[in-house]
Structure formats: structure tokens, C-alpha cells
Amino acid sequence: MAAPEPGRCAYFVARKKRFCRMVPALGKRFCGEHGHQEKENDRKRIPCPLDPKHTVYEDQLQKHLKKCNSREKPKPVYFVQDINAGLKDVAEIPEKQVTLSSLSKEELENLIIKLKKASNGLELDLKEQILSHKALHEALNDPKNGESAFKHLKQQASILGNMEKLHLLGPGRCFIEFGAGRGKLSHWVDVALQDVEDIQFLLVERATTRFKVDGKHKKRDSVFERLQVDIQHLCLNKVPILEKKRLPVVGIGKHLCGAATDLALRCLIESYAICCEGENEEPAAKRPKNDKTEVAAKSSADNERNKDDFKPVAGIVIALCCHHKCDWTHYVGREFFKSVGLGPVEFHYFQRMSSWATCGMRETITSTNEESEDHTNTEEHDQPYSKPESGFDTLQGLPVEERKEIGALCKLLIDHGRIKYLQQRGYRATLQYYTESAISLENVLLTAVPEPAT
């Protein structure tokens, strides 16, 4: 075993197969984290009760708890517990969910029959809407960008192209990027709107993120704000910038994982749109009842109808992915599933089977896990193949191509429930392929705009 580096901690980290690289105090062999290894040190170190991944001196525990990075921090004003969670009745959720590999051949066949029956009448061939936008023209032609960066740029360009076609790239709007990560999609929207005034960006991401591109916008007039919160608990009406200035919002996302899409849709449609519309309505109890004021009120209402109505949610453009991470509790299409005779049990199996569309039973590429640790141009959603569910090899029968078709059908059925949800709430919602499968296997884009007033 090699010796520790000079001036570094002498503790060997077995998980990393190397010595700790922290600098110990003068005259010590071990750093503070591994100080319990010092024979002459009688002070005891214990795991931190807030996060057992690190330790603390027992006699300094109370002091540490006050400043530990894992301590519970004050909730922001826009945090409302489970406001977008969805299902409240836990009785609808099956207690024990059996894995696909545990199903018999007959049970699997019955599931596939149910899937095909429920899919009757659905538009199975999605329209191809692969577009681009001039804002990314220079970056797309920059030879310094590698293959991975090029693939992301192609997707971002098509998303912007689709937004432009829907007339969503305009002034006086707030763009909300859900699952923002580094914020690259918002960055390109900002570039596309560089000559447009009065635009804001809200970047929603529950985790802290490295290599953010937010700093590129400091000298611009557009306003960028990060909301570090889970979408499940985000109340847009309480976000200060939206509370102060009621703006039509455009919800965007690139590869919004599984249930996060459903949470985002409910956050926009129920947490923001319905509340905004409710605030614009005058309570019936406060309305004047005499004839003159009723006539005046009616005339005013007619005038308002002739104006462009305020649309709280001007549009939604989300690139979908990871249907196997969907959850019946959060799913917005439960009513649709029930209308075709399906429930939480079938949903559980269909969301697991959806992964067949992108992994089939082809050989899993392991080299993706052995690449460079620089993840600045990679996303887990864009890996070419996913590992099939454990034990799936034991399932009987189905050839690769049929599994892929079934997986795609599961994705389509889940997405159609989302479309129905939006349509029932007054939106013109569609699904389309926004990029080639060679660029990303997760290549379906959900778009929605309000139905025009009749």
C-alpha cells in the first residue's frame, strides 16, 4: 500500500482506495474527520445525527448541530407542503407492488392485452416537429463543441424552435424552467430574447448545482432567480416576483424526470392558473344588486371580453423522459386511466415496462460509467441504454422489437393521460418528436397553449 502524501491525513479511505487528502493540524497524523484514529486522542467522534456521512466530536455536538450544513433551514415563503402532490387518499395505492420478473407468462400477457385495449383510438404515430432557432446557430457550428454538447444543443434548438412556433418567445412573461440543473435551457431562451424587454426567469431545482451558467446573465436586463425547492412543494403564487407582478408564465423543461413532469403540470395549472383566475373574480356576495350597477357591470364585462384575456399560463413546453420514475400518487392522468378500466396496479406495471422502449434487452453499455468524471456536458437521461429491471431476463418469450413497441406504447399511454388532463382544463395540448432518436432516445416533447376564447 502506498504511503499518504506528505502533509496529508494518514487515514486510508477504503471506499475510494486511497488516503484521505485533508490537511491535519500541526503535529497530527490525521485530519479532524479522522482524528479518532490518534491513539493519544481520548476525545470520541460520533456520526452526526443529521447526516451520518460525517462525524463530529461528541463534546462539540450541540455546537456542531447549530451550523451543520445538513440542518433544517427555514422554508422559503413559496414552500407549501405537498401543494402539488396530488393523491390524498392512500387507500388507492396498493400496499405491495410485485416486480415484473415475478409475473407469470399468463399475467404478463393479460397486462399486454389491457395495454393494447386501452391504447385503441390513440394517435400512435406522433408528428415529427424537429425545428431549430437562430439563437443557437453559432454554437451549433462551433467545432470546439464535442459530440455530447452538440446533442444537447440540437435538443435545445428544437425546443426553442417549437416555442417560437407557438408564439411563446415574447415580452412581458416569466419563464419557469423546472428541473433547471445548470440552467442551460433558460440561458438559450434569454439569448433568443436578447432584444426583448420585461422578461423574468425562475429556475426551479431542488439540489445545489455545480457549473451553473447563471453568471452569464449578470450584465443583462433580464432577471434570473433560482428557487431551491422540490416542485412538489412549490406554490408559484407566493413567489415574490410573481406575487408582486402578475405575469403570464411559460413552463419549460428539458428531460423532466418521471413524476417531476406531473408535479410541474399541477404546479402550473392548479397552483398558479386557478388561483390567479380566482383572484380576478369578484365574489358574488359583494356584487351590487341594483339595476344600474348591474347594467354597468355587464357592460364592463363585455368590454373586458373584447380585450386580450390575461392567461396565467401562456404555454408549456416540456421534453419528457424517465416514465419508469412516474408515480400514481402524483400522476395527473389518473382520471383517464380509470376511464379506460385501469388503475394503480396496471399503472405500476406499465411505468416499469416503459423502460423497454429505450433499453429493450440489448447489451448494456457499461463504458458510460467509466468515462471522465467531468459531467459538464452529460446528463443521465441521455445515456444510450438503461439497465433492465433486475430479473427481467427470466421473463418468457417476448422478442426485443416487440418489447420496444410495448415500452413505447406504455410511454404513450402515460403521456396521453397528461394530454387529457391539460385538455380538460382548457389547453390545446399535443405530443411530438422534437429530435431524432440518434440524438436522444427520450425524444418526445409535450406542448400546451390555452385554447382561444370563443
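Residues numbered from 1 in each chain as written. Predicted model: local features only at pLDDT ≥ 70, side-chain atom pairs only at ≥ 80, totals over all residues. Heavy atoms only, no water.

Another aspect to go through is the overall build of the protein chain. Secondary structure assignment for the protein chain yields twelve helices and twelve strands. Taken across its 454 residues, the protein chain has 45% of its residues classed as buried. Restricting the contact set of the protein chain to residue pairs at least 6 apart, pairs at least 24 apart contribute 71%. Of the roughly 26,100 Å² of accessible surface on the protein chain, 49% is carried by carbon and sulfur atoms. (Helix = DSSP H or I, 4+ residues; strand = E, 2+ residues; numbered from the N terminus. Buried < 20%, exposed > 50% of the residue type's maximum accessible area, 1.4 Å probe, protein only. Contact = heavy atoms within 4.5 Å. Areas by Shrake-Rupley, 256 points an atom, 1.4 Å probe, with all protein chains shown as cover.)

Once that is clear, we can look at the pairing of strand S7 (residues 199–204). By the criterion of burial, S7 is predominantly enclosed, with six of the six residues buried. As judged from the six bridges shared by strand S6 (residues 173–178) and S7, these two strands associate in the parallel manner. Each residue of the ladder has a partner; that of Cys174, found in S7, is Gln200. As for the winding sense of the linkage, the β-α-β connection from S6 through helix H5 (residues 184–192) to S7 is right-handed. Pairing geometry for S7 and strand S8 (residues 223–227), over five bridges, is parallel. Residue pairing across strands places Phe201 opposite Phe224, the latter belonging to S8. (Pairing = 2+ DSSP bridges. Right-handed = clockwise from strand over helix to strand, strands pointing away.)

Here we come to the confidence of the model for the protein chain. Averaged over all residues, the pLDDT of the protein chain equals 82, while 79% of them reach at least 70. Every residue in residues 361–380 scores below 50 in pLDDT, and together they form 27 contacts with partners more than four places removed in sequence or on other chains. (pLDDT = per-residue confidence, 0-100.)

Strand order in this open sheet of eight strands is S5-S11-S12-S10-S9-S6-S7-S8, and the pairing throughout is mixed. The strands lining the two open edges of the sheet, one partner per strand, are strand S5 (127–128) and S8. Here S6 runs beside strand S9 (residues 249–257); their pairing, made up of four bridges, is parallel. Its bridge partner lying in S9, Glu177 is registered against Ile252. The strands that helix H4 (residues 147–165) touches are S6, S9, strand S10 (313–321), strand S11 (427–433) and strand S12 (444–450); relative to S9, the one it contacts most, it runs at about 150 degrees. Along the sheet face, helix H12 (residues 400–424) touches S10, S11 and S12 and points at about 155 degrees away from the line of S11. (Axes fitted to C-alpha atoms, helices over the stretch in contact; angles between N-to-C directions.)

Only a minority of non-glycine residues have a phi that is not negative, and only a minority of peptide bonds are not trans. Backbone geometry at His255 places phi at a positive 60 degrees, although glycine is not the residue there. Accessibility expressed as a relative area gives 4% for His255, which makes it buried. Residue Cys322 is not a glycine yet carries a positive backbone phi of 55 degrees. The residue Cys322 is located in the loop between S10 and helix H9 (334–339) in this model.

Turning our attention to a positive patch on the surface. Together, Arg8, Arg15, Lys16, Arg21 and Lys53 make up a positively charged patch on the protein surface. Within the secondary structure, Arg15 sits in the loop between strand S1 (12–13) and strand S2 (18–19). (Patch = residues over 30% accessible without salt bridge, like charges linked within 9 Å, V, L, I, M, F, W, Y side chains within 5 Å. Salt bridge = Lys/Arg side-chain N within 4 Å of Asp/Glu carboxyl O. Lys, Arg positive; Asp, Glu negative; His and termini not counted. Charge placed at Lys NZ, Arg CZ, Asp CG, Glu CD.)

The next point concerns the side chain of Thr447. Relative to the helices and strands, Thr447 resides in strand S12. Using a relative accessible area of 4% as the deciding quantity, one classes Thr447 as buried. Here the side chain of Thr447 touches Thr430 through a polar contact of 2.8 Å, side chain to side chain. Of the polar contacts made by the side chain of Thr447, one reaches the side chain of Gln432; its length is 3.2 Å. (Polar contact = N/O pair within 3.5 Å; in protein donor to acceptor, adjacent residues only side chain to side chain.)

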